[in-house]
Each structure stands twice: as C-alpha cells, then as structure tokens.
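Overview (structure and organization)
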Number of protein chains: 2
Amino acid sequence: MPVEQWDLYEAALDGPAHGNPFREVHLTARFRHEAGAGQSAAAVETTGCYDGEGRYLLRFMPHLPGTWRWETRSNDPGLDARRGSFTCEPASGDNHGPVRVRDTHHFAYADGTPYWQLGTTCYAWTHQGDALAAQTLATLAGAPFNKLRMCVFPKHYAYNRNDPERYPFAGSRQAGFDLDRFDPAFFRDLERRVAALRDLGIEADLILFHPYDRGHWGFDAMGAEADEHYLRYVVARLAPYRNVWWSLANEYDLLAAKSRADWERLGRLLRDLDPYGHLRSIHNCHAFYDHNRPWITHASVQSGRAVAGWGGAAVLREAYGKPVVFDEVRYEGDIDQPWGRITARELVHRFWQGTVAGTYVGHGETYRHPEDLLWWSKGGVLRGESPPRLAFLREVLEALPAGLEQIGHDDRTPDTAYAPGGHYLVYLGDRAPDSWPFRLPVNPGRHEVAEGARFRVEVLDTWHMRITEIPGPFTATLRTGRLAVDRAGRAVPLPAEPWQALRITPLPG
Amino acid sequence: MPVEQWDLYEAALDGPAHGNPFREVHLTARFRHEAGAGQSAAAVETTGCYDGEGRYLLRFMPHLPGTWRWETRSNDPGLDARRGSFTCEPASGDNHGPVRVRDTHHFAYADGTPYWQLGTTCYAWTHQGDALAAQTLATLAGAPFNKLRMCVFPKHYAYNRNDPERYPFAGSRQAGFDLDRFDPAFFRDLERRVAALRDLGIEADLILFHPYDRGHWGFDAMGAEADEHYLRYVVARLAPYRNVWWSLANEYDLLAAKSRADWERLGRLLRDLDPYGHLRSIHNCHAFYDHNRPWITHASVQSGRAVAGWGGAAVLREAYGKPVVFDEVRYEGDIDQPWGRITARELVHRFWQGTVAGTYVGHGETYRHPEDLLWWSKGGVLRGESPPRLAFLREVLEALPAGLEQIGHDDRTPDTAYAPGGHYLVYLGDRAPDSWPFRLPVNPGRHEVAEGARFRVEVLDTWHMRITEIPGPFTATLRTGRLAVDRAGRAVPLPAEPWQALRITPLPG
C-alpha cells in the first residue's frame, strides 16, 4: 500500500514483551531511497519505539517519491536485520510537507508554498476526553488558525484542575508514576489528535515541558536522565508527523528545577534526535530566551508590549535574524488577570502590528465559563470576536507574495510593510486620519519604485472586514530618492475611524 | 611618589633594544597588595610593553589603597625578577574608578556612584593633530557628554580623507607598514588624549577595529595573527587607564575580511587579556550582533528605529538582559545622508525615548563645514542645538536614584519609567496633550504605591529646558490593584506642546 510524500509510513514488528522494552530494547532503522534518473541517493536513520504488548513501531516520513527500502538494527536478535520496502507517491491535495524557515524571517512548506503563521492556543485540549476534543477539532475546522500550541504533559493551573484520563507514563498520581515505562495508549491518543490537526492543515506546536505541574504530578522535575528518556520517546513517535513543531518549553523561566544549561542540553538533544529537522523554539514568561542560540530555528516570544506599540516587533526581528512568532501577546477574554482580559479589538490590533513588522502573532481566548471551559486551556468552542477578523487578515496575507518586511521613512510609527514585487501593506492602528497621503518609501537598491509605476489602492477596515477600492490607479512619481508620491498629488480618502489598513498592489505597466 | 586608587602607576625598565623587542621580549609582572587588617590579599597579573629605545613599561591600575609590591617575569634576564613597590592612596575628588555593569541593565563606577551614560562620537579626533584635538577637548569640557566613541586606527571615509601624522605601526602608507613593530609615539599621543578625557570625567569608548579603511592602509584586513598581536599591545598599554571601554568594532558587519568566528575569537581574547575587566561590546551597521554572548558586557547598538518610536528600546533590553546603549541613532546634522540629517529636536526626542525605556543613547553631529570639520569624525566645535538639551537631560537623570525601568499600564505608548524609591519619569514625546491624568502604574510586589503617598509633580519642557512645579502635592489613592490616581481626581495641566515630560518625586509621608 503506497504512502504519500511527507505522510506517515509505519511498520509494526513483533518483539520481546518481557523485562522493560522501553529501556532494554534498542531499535533503529535505515531508510534508503532508490535513486531514480537525476535523483541523488538519500538515506534517513530513524529510531523505532515500543508500543506495548510486544509491538514495535518503525515510523518514517518520506520526503521523496519512489521506492524506499529499510533495514533494522537492534540489540534483540529477532528485531535485528529485519527488512522491508514501500512505494512513496508524490504529495497531493493540501499536503505541502513540513514547514521550514524561508528567507531568514519567514516560513514556507517543504514544497515551497508560503506559510503565514496564524496560531492559537489550547494548552491542554488533548487531556479533556474525546467529546471535548472532537468539539475542539470541529471548532478549528471553521477557524482561521493554521498552528496550535499544545502541551504533551497535562496541565494543573487555574481553570484546569481536572486530571487527565491517561498519562505519558505508567502508574497513577496516587500510586506514583514509573518514569521508566511509557503508556502507549496516551501517545496513541495524542497522535490521533496531531493527525487530526494535520488533516485540517494545522501545525501542532508541541510543548515538551511546562511549569503547570508544581508538584501535582512531578513531570516538571523528573531529573536530567528521565527528561532525556522522555524526549527520545516523544521524538521517535511524533517526529514522523509532518505538522509537528517542537516547543521545548512554555514559560521555561518558571520551571525552577531546570537551569539554562539544562535547556541548552535538551535543545541540542532535540535537534540531534529529530531526523526531519522540524522547527524548534522555546517560549518565555518574564525573560526572553536567547533566540540567537544555534539549535533554535525561530523565536517563540511572549510579549504584549512588542506588538501593542509601534517598532518593538521589528527591532526584535533584527536582534534575532530568525522568524519571530509572538505566541503570547495577552488573550482576548474577561478573566481577572491582566494577561487574560484584553479586548478583541486590541488582540486584532496586535496581530496587524506584528504583521506589518514582518513577524507573526498567536491568538488565545480566556472568557470565563461556568464549567471553566476556556479555549486557551481546554479548547471547545470559540466565543470571542477576534477569529473572524483574523480570518480576514489571513485572506489578506495569503493574497500577498511571501516575505513581508517593515520599511519606511517614518521611524516614529513604522506602519508600512513591503512584499516582493512592489506590494505594500500599511496599517494605521488606533490613528483615525481622514486621508492618507499616497507615499511609498524608497530604499535604493532594495525597494525601488519605478517612475510612472501604477498601483491599485484598497482601504481595509480590519475590524468591520470591509475592503473598499479607491477609484483609478495611483501613479508613482519620485519626489526624492527616498520617497515616491502620486503624480497628481492625490491622497487616499479614509473614514476617520481607527483600525484601517491600506493594500497597495502594483498594476501591469 | 604615591598613586591614587584607580589611577595609573607606571614603572619604566631598561632592557634590550636590539632585534624586535615587540615580538621577542615577553614581560609580565605580578602586583601583590599587602593586606592590612580586615583586607583580603589581592594580586593582579599584568603585561608590560615595549615603548621603544630599550624602554619597557610596567603599568598598573591599583584598585585597593595600601602598599603594592610587584615582581617581573621575562625571557630577558635583565628584565626578569625585577622588583618594586608603591603606595596607593584612596581615590579623591571626581575619581570614582572604572565603570561597571550594575543591576543588570545599568552602570555604576567602581565606588558605587551611579553612571548615567550620555555619549557622543568623534571617531577620528586623535588623528587630526594637536591643535584640533585641543579644541575638541575644550569643547568637551563644556559639553554634557560623559563618554566618547573614538577609533584607534585612522579613518578613511567621506569628510575624512586626510592621513594622520602617525600610525600604530612602523612604516608608512607609501613604504608599507611593518605589522610586527608598533610606533610607541602614536600610542603616547593616544594615551595623552585618553588621560585628558579621564581628567574631564569622560569614558573613552575605544574602537579597536573598523571598516573605514577599505584598502587605504589595510588595517581592516591584517590577518588573525596580526590582529591578536595588535590587541595584546593595545590592551597592555591602555587597560590601566580607568576610563577605557573596549568597543571591539564599529559596524563590525562591514568588515568583509572578518567572520563571526573571528569576532568571537577576538572578543574572548580581549576579555582574557584585560586584568581589569573593562566594559566590552561590539557595534553593528545592519545586523545586530548577538549581545547575549558571554564576553559582551553591554549591548552597543546602532538603531534609529528602536528609540524613535515607543517600545522598541525596552523590548531589546529584555532580549539581552544587559545594559543597552544605542550608540548610533542617526546624527543631528544636514549632510546628504539619511543617517546624518535628523533635527536636534528628533535627536533629543530619541534620547528621552531611550531613557524612559531604561536604556542609554549616544549623540553625534554632522553639519556640513567648508573644511569638512564634522564633529562626528574630527571633533572641533559643536554647532548643533541638542547639546544644551542633553545637558538638561543629564541634570534630570543625575537627580534620580539609579536604575530607571519602563513600567506601565499602557503597552501601546509605554511612556512611564520608574526609579527606586517611588520616583517616576514620564515622557510624552510628540503628543501634545493639555493635561495628564495623574496615574501611577502599580505592579504588585515590584512597584507598589502606598495609599495616601504624596508626590511633587514637575513638568519638564525637554526642548525649552524649563521646569514648572505644579502646586500642591498629589496624593495617591489606589483605584485598582494596578493603578493609583490622585485622591482629589486632579490632572496635571500641560501646555499642549510636544516634548513635555513629568518628574514625579515622592514626598516624606
């Protein structure tokens, strides 16, 4: 049975069930691609994993169509030197492969399709049972989000005091957990959900450690050896899912039991374990992590300030020279916590601010609920006003060439972003001018504007989700070497309301 | 003859003049402090340097009063095992010792006196001959600046095409330079000027490498071995001056001959060579250096945007967890370059923006001149309007307790800074409100405001340099757990002009 490119190939092998196979049986496989004409040979080393009851899984995400042959190595004679093969067919439909960094500050799928990160957060949605998980997936199917931040470990925190049905490890909270033995059923549940997100076109930003335990289960302080054993098992099972991202920790600086040296060790181990090079980052509470570290592929930052005002997001992008995702900018909601009670208007504003800075933003929702069903933690249904506005933003972004970057002559309120090919996106935020003087920044050698170039101008009401085209093309003339204006001196009329943006599109000359 | 604490002790020894002493003679000395009652023993290893004509210098900056004894080690028998001693007296007058990092994001002198960085830039002032250098020093004596960025190597760039009188190395541009032999006369000139700055209370931010050579002399591409030989000699000669800071490079990313690995190697070497631990950084053009690197003590950043708008500077401070100095934010001037033609108002605005973000800013002046005497490069006289306003800012800062940090309820325009003890500095920038509702942000556990606390409020006109006290104390009452307002609901009247600030000072209860 053929497997599609970047889909999951899985072979199950029978092996020993005695002793502790999680610790005692080592299984790896080498997957070799049969190079066709004009193809170079490719081979990938993977690690198998024990799935319980004498069952061992070999999983693999093929990145090339054609025939793949595999052979195992194991310290168990019965599992050693086993062979197999399968056919991989080209990707089809919405399968574009895993997301990679592209052009320093942006993302694209492996097949080159641009990926505009528009994330949301349901930290503990996989720990709430099937009924609520099914509702969460149904909600996501109709929502604009293409990435979801979610924890592997259960969460013990305000609005989320309930224990999960299953745990990553054998044992129980009462009897204690056996950190040497995993519960494969827990991981099968997790994988079903990761696969369901994949089928919805949603990246699963898997949070591997978090501080929301505080002695309740002890998973935040297992010790270095158990941390690494856990990491090896999670990566072996989940790395073959193309939509996986690795978030080493959420609010790493609240995990008292781990030092910066621990995070560096675990981050490098994560990079070395994953044969597919999925995206890797680590998320802060108070103190930004050093996202210049080589094992980090993109900055995952908590900061409201950086995207609430002008300028912060673009400056941080310069500091890291990597894609910057503001995964937590405070949440739309009404709980009695400053981080969980901003308005939908403010959250949508922060998305647009991050966007014109050439960065990416994440959503979360924290409206009080009689049964503590807060989207940000448990999933369920969305009740806020921001999602349709974020769907509008996503449509605007997906109509642009990839690679927005902030440019502009006005350092004070840097509101203009450039996309390759002479597209511009201007966001005016809470200012409510009644007109916008048509002016395009020119950066010699980088962002040129040809004399006489013609542009279509549309006014985007980011809150009411209205697009108004301004009649007649605007024709650029260079006023100075660094500024182009409309030849007829025209300005763009605006409704004198806040939250307006401008989409400026080049017309064929 | 006694030496004052943190002043320069120097002993000259006679030794061999034949061969190449710069390369062939190794001389070190161990300075040992005679511990008195309640003092722990201290010892410092220093490197001597050849000063020409058979003359060898032992230099030392003593950090403790009392008796210091030294003994040399050398591969030259005549210089080996030489001994001496001197008496160090406590620092007096304006001698506060070298500047160190304090409280993560700030600076203080070694004796604990706060240091509020207010820098300026005269890259090539030591290469313009004595007359102009004397004029530069006279100008600095009447200017508000307490730090000067200056290059060791001469500069070949727009407005600075003239060759210097002397070079760090023996030889000439025509005949070529002997990178194995230094010109001690060049360094004596440099040291005279560093000492003159010290006596004016000005830190010398010595730029060790820069790109403004481009084949004219070749000092930007000497090769790793010559770079390190140069670094050893400069540090041996200049580290004993208490007012030295090390700027490994200016616009490091324009030095095509050096890679990131070169900068890391040189940065670590610099740290290891300097027995006094002077401040170390490296300055960018386009790409911020990774200021999280351990050998870097503070971030030296070129960015106009970070301090022109709200929020950028504070976000960058979070990213680095070190003091941030915006050494280049564009210069007051009128040359035909975007980086050299902002107004004095804009430059002063950028200083205030950086200040309320808890960061530090640098000045530069680039007004056209018939003989190309631009302050930013050659020094001379200041002709701009910003220096008196920066003197006003310095007075305001030096009246505050050390340790400004941005706080506040308004992420969108973070305009309020807090200083220990309940002092506040609010900067309103280009907004021109006719009143300011008295409101102090409260961060439980960090920035508390006591019910009934009383404050004096002054309006500071940062451009016209006027201080207006608002009658009667304001009395705080907590409106919410995160906001204190005036008990009588009073607002602070403002002149409805831009560039206003508020100084809020706690009164005895």
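Residues numbered from 1 in each chain as written. Chains lettered and ligands numbered in written order. Predicted model: local features only at pLDDT ≥ 70, side-chain atom pairs only at ≥ 80, totals over all residues. Heavy atoms only, no water.

Some words on the overall build of chain A
The condition that has to hold: Only DSSP runs of H or I covering at least 4 residues are called helices, and only runs of E covering at least 2 are called strands; the numbering of each starts at the N terminus. Here the globule rule reads 2.2 Å times residues to the power 0.38, and the radius of gyration is calculated from C-alpha atoms. Partly exposed residues are those whose accessible area sits between 20% and 50% of the maximum for their type, while under 20% is buried and over 50% is exposed, using a 1.4 Å probe and protein chains only. Only heavy atoms enter the contact rule, under which two residues are in contact if any of them lie within 4.5 Å. Computed by Shrake-Rupley with a 1.4 Å probe, the accessible areas treat only the displayed protein chains as cover when residues are assessed. Under this rule, positive means Lys or Arg and negative means Asp or Glu; His and the chain ends count for nothing. Charged groups are reduced to one reference atom each: NZ for lysine, CZ for arginine, CG for aspartic acid, CD for glutamic acid.
Looking only at helices and strands, one finds 10 helices and 34 strands in chain A. In terms of overall dimensions, chain A is globule-like: its C-alpha atoms have a radius of gyration of 25 Å, near the 23 Å expected for 509 residues. If you line up chain A on its principal axes, its C-alpha atoms span 85 × 60 × 40 Å. Taken over 509 residues, chain A has a buried fraction of 60%. In chain A, the proportion of contacts linking residues at least 24 apart, taken out of those at least 6 apart, comes to 70%. Accessible surface for chain A amounts to roughly 18600 Å². Of this, 49% is attributable to carbon and sulfur atoms. One finds the centroid of the 57 positive side-chain charges in chain A at a distance of 3 Å from the centroid of its 65 negative side-chain charges.

Structural notes on the interface of chain B and chain A
Counted only if it meets this: We define buried area as the total accessible area lost by two parts upon association, computed with a 1.4 Å probe and summed across both. In what follows, salt bridge is the name for a side-chain nitrogen of Lys or Arg lying within 4 Å of a carboxyl oxygen of Asp or Glu.
With 31 residues of chain B at the interface, the matching set in chain A holds 31 residues. Note on chain B versus chain A: buried area summed over both sides is about 2600 Å², and carbon and sulfur give 47% of it. If you look at where chain B meets chain A, you find 2 salt bridges. For Glu 318 of chain A, the salt bridge goes to Arg 305 of chain B, with nearest N and O atoms at 2.7 Å.

As for the environment of Arg 350 of chain B
Formally: Contacts described as polar in this section are N or O atom pairs within 3.5 Å, which, within protein, must combine one atom able to donate a hydrogen with one able to accept it, while residues neighboring in sequence count only if both atoms come from side chains.
Position of Arg 350 of chain B relative to the elements: it lies in helix 8 (residues 344-356). Setting aside its immediate chain neighbours within four residues, Arg 350 of chain B contacts Asp 411 of chain A together with Gly 304, Val 307, Ala 308, Val 329, Arg 330, Ile 342 and Val 361 of chain B. Of note is the side chain of Arg 350 of chain B, whose polar atom sits 2.7 Å from the side chain of Glu 346 of chain B.

Quick word on the sheet that holds strand 11 (residues 114-115) of chain A
All names here are of chain A. Keep this limit in mind: The rule for pairing is simple: two strands pair if DSSP sees at least two bridges between them.
Within the open sheet, the 3 strands sit side by side as 9-10-11. Their pairing is antiparallel. Here the strands that pair on one side only, and so sit at the sheet edges, are strand 9 (99-102) and strand 11. In the sheet, strand 10 (residues 106-109) pairs with strand 11 via 2 bridges, with the strands oriented antiparallel. Following the sheet pairing, Ala 108 is matched in strand 11 by Pro 114.

Quick notes on unusual backbone geometry
All names here are of chain A. One non-glycine residue with positive phi stands out, namely Arg 330, at about 80°. Under the relative-accessibility criterion, Arg 330 is labelled partly exposed at 31%. The phi dihedral of Trp 499 falls on the positive side, at around 65°, and the residue is not glycine. Among the secondary structure elements, Trp 499 is positioned in the loop between strand 33 (491-493) and strand 34 (500-506).

A closer look at the sheet that holds strand 16 (residues 203-209) of chain A
All names here are of chain A. Our working rule: For helices, the fitted line uses only the C-alpha atoms of the stretch in contact; every axis is such a line through C-alpha atoms, and the angle between N-to-C directions lies from 0 to 180 degrees.
In spatial order, the strands read 18-17-16-13-12-22-20-19; together these 8 strands make up an open sheet with parallel pairing. One side of each edge strand has no neighbouring strand; the edge strands of this open sheet are strand 18 (280-281) and strand 19 (299-302). Here strand 16 pairs with strand 17 (residues 244-249) via 5 bridges, running parallel. Directly across from Leu 206, in strand 17, lies its bridge partner Trp 246. Strands in contact with helix 5 (residues 260-273) are strand 16, strand 17 and strand 18; relative to strand 17, the strand with the most contacts, it is inclined by about 165°.

Here we look at helix 7 (residues 312-320) of chain B
Residue and element names in this part refer to chain B. With 8 of 9 residues buried, helix 7 is to be regarded as a mostly interior element. When we look at burial in helix 7, the residues that qualify are Gly 312, Ala 313, Ala 314, Val 315, Leu 316, Arg 317, Ala 319 and Tyr 320. The positive-phi residue at the C-terminal boundary of helix 7 is Gly 321, with phi of around 60°.

Observations regarding the domain arrangement of chain A
Quick note on the threshold: Residue ranges for the domains trace back to a domain assignment, done automatically or taken from a database.
For chain A, the assigned domains read domain 1 (3-89), domain 2 (99-398) and domain 3 (413-506). On a C-alpha basis, the centres of domain 1 of chain A and domain 3 of chain A stand 54 Å from each other.

Comments concerning helix 3 (residues 184-199) of chain A
All names here are of chain A. Let me state the cut-off plainly: Multiplying 1.5 Å by the helix residue count minus one yields the expected span of that helix.
Compared with the 22 Å implied by 1.5 Å per residue over 16 residues, the 22 Å span of helix 3 between its first and last C-alpha is a close match. Burial within helix 3 is extensive, with 12 of its 16 residues counted as buried. Taken residue by residue, helix 3 has Pro 184, Ala 185, Phe 186, Phe 187, Asp 189, Leu 190, Glu 191, Arg 193, Val 194, Ala 195, Leu 197 and Arg 198 as its buried positions. Where helix 3 begins, one side-chain oxygen reaches toward the backbone nitrogen of Ala 185, 2.9 Å away; that side chain belongs to Asp 183. Downstream of helix 3 by one or two residues, Gly 201 has phi in the positive range, about 75°.

Quick word on the packing of helix 8 (residues 344-356) of chain A against helix 10 (residues 386-398) of chain A
All names here are of chain A. What counts, and what does not: If an angle is under 35 degrees, it is roughly parallel; if it is over 145, roughly antiparallel; if it lies from 65 to 115, roughly perpendicular; otherwise it is oblique. Note on convention: the crossing is left-handed when the near helix lies turned anticlockwise from the far helix by less than a right angle, right-handed when the turn is clockwise. Each residue is assigned to one class: nonpolar for Ala, Val, Leu, Ile, Met, Phe, Trp, Tyr, Cys and Pro, charged for Asp, Glu, Lys and Arg, and polar for all the others, Gly among them.
With their axes 9 Å apart at the nearest point, helix 8 and helix 10 run at an angle of 20° to one another. Here helix 8 lies roughly parallel to helix 10, going by the angle between them. Helix 10 is crossed by helix 8, and the crossing has right-handed handedness. Contact residues: Ala 344, Leu 347, Val 348, Phe 351, Trp 352 and Thr 355 in helix 8; Ser 386, Arg 389, Leu 390, Phe 392, Leu 393, Val 396 and Leu 397 in helix 10. When grouped by side-chain class, the residues that make up the contact of helix 8 with helix 10 number 10 nonpolar, 2 polar and 1 charged.

As for the side chain of Thr 477 of chain B
Residues and elements named next belong to chain B. Among the secondary structure elements, Thr 477 is positioned in strand 31 (residues 474-480). Among the polar contacts listed, one links the side chain of Thr 477 to the side chain of Glu 451, at a separation of 2.6 Å. Ignoring anything within four residues of it in the chain, the contact list for Thr 477 reads Glu 451, Leu 483, Ala 484, Val 485, Asp 486 and Arg 487.

Details of the UniProt feature "domain: Apiosidase-like catalytic" (unreviewed entry) in chain A
To be explicit about the condition: UniProt positions are given in the numbering used here, feature names are shortened, and annotations may be inferred rather than shown by experiment.
With numbering matched to this structure, UniProt assigns "domain: Apiosidase-like catalytic" (unreviewed entry) to residues 104-363 of chain A. Here residues 104-363 of chain A is 32% helix and 21% strand, with 23 Å between the C-alpha atoms at its ends.

Digging into the relation of the copies chain B and chain A
In plain terms, the rule: We place the copies in one frame by least squares, fitting the C-alpha atoms of every residue whose pLDDT is at least 70 in both.
With an RMSD of 0.0 Å, chain B superimposes on chain A once it is rotated by 180° and translated 0.1 Å along the axis. Here the copies are linked by what is in effect a two-fold axis. Ranked by how close their C-alpha atoms come to the rotation axis, the residues of chain B are headed by Gly 312 of chain B, at 1.9 Å. Comparing contact sets, 100% of the residues at the interface of chain B also lie at the interface in chain A, consistent with an isologous, same-surface contact.

Considering the pattern of salt bridges
Residue and element names in this part refer to chain A. With the rule as written, the count across this model stands at 85 salt bridges over all chains. Residue Arg 69 pairs with Glu 34 through a salt bridge whose shortest N-O separation is 2.5 Å. Taken together, the residues span a long stretch of sequence, with Arg 69 in strand 7 (residues 66-74) and Glu 34 in the loop between strand 3 (27-33) and strand 4 (42-47) at a distance of 35 residues. The partly exposed category is assigned to Arg 69, whose relative accessible area is 41%. The partner of Glu 71 in a salt bridge is Arg 83, and the shortest N-O contact between them spans 3.0 Å. Remark: Arg 83 occurs in strand 8 (residues 83-89) and Glu 71 occurs in strand 7; sequence separation between them is 12 residues. Given the relative accessible area of 23%, Glu 71 is considered partly exposed.

Quick look at the pairing of strand 19 (residues 299-302) of chain B
Remark: a regular strand shows side chains that alternate across the two faces of the sheet. Residue and element names in this part refer to chain B. Across the two faces of strand 19 the burial is the same, with Ala 299 and Val 301 and Ser 300 and Gln 302 all buried. Summarising the sheet, strand 19 and strand 20 (residues 324-328) pair through 4 bridges and their orientation is parallel. Across the sheet, residue Gln 302 finds its bridge partner in strand 20, namely Glu 328.

Regarding the packing of aromatic side chains
Aromatic rings considered in pairs are described by the distance between their centres and by the relative angle of their planes. Residue and element names in this part refer to chain A. Test applied: Here a pair means two rings of Phe, Tyr or Trp (six-membered ring of Trp) with centres within 6.5 Å. Their orientation is stacked below 30 degrees between planes, edge-to-face above 60, and tilted elsewhere. Two conditions define a charge sitting above a ring: the NZ of Lys or the CZ of Arg must be within 6 Å of the ring centre, and it must be within 35 degrees of the ring normal.
Taken as a whole, this structure holds 102 aromatic pairs over all chains when the rule is applied. Look at Phe 107 and Tyr 115: their rings are 6.2 Å apart centre to centre, the planes differ by 80°, and that puts the pair in the edge-to-face class. Taken as a pair, Phe 107 and Tyr 115 share a single burial class, namely buried. The lysine or arginine in question, Arg 260, covers the ring of Tyr 289, its NZ or CZ lying 4.4 Å from the ring centre.

So, the side chain of Thr 46 of chain B
All names here are of chain B. Turning to its location among the elements, Thr 46 is positioned in strand 4 (residues 42-47). For Thr 46, a relative accessible area of 4% puts it in the buried group. Setting aside chain neighbours within four positions, we find Thr 46 in contact with Thr 28, Ala 29, Phe 31, Arg 59, Phe 60 and Tyr 276.

Remarks on the packing of helix 4 (residues 224-238) of chain A against helix 5 of chain A
All names here are of chain A. Following both chains from N to C, one finds helix 4 and helix 5 inclined at 25°, their axes separated by 10 Å at the closest point. In terms of orientation, helix 4 and helix 5 fall into the roughly parallel class. Remark: the crossing between helix 4 and helix 5 carries right-handed chirality. The segment helix 4 lies against helix 5, with Ala 224, Asp 227, Glu 228, Leu 231, Arg 232 and Val 235 engaging Arg 265, Leu 266, Leu 269, Leu 270 and Leu 273. When its residues are assigned to classes, the contact of helix 4 with helix 5 shows 7 nonpolar, no polar and 4 charged.

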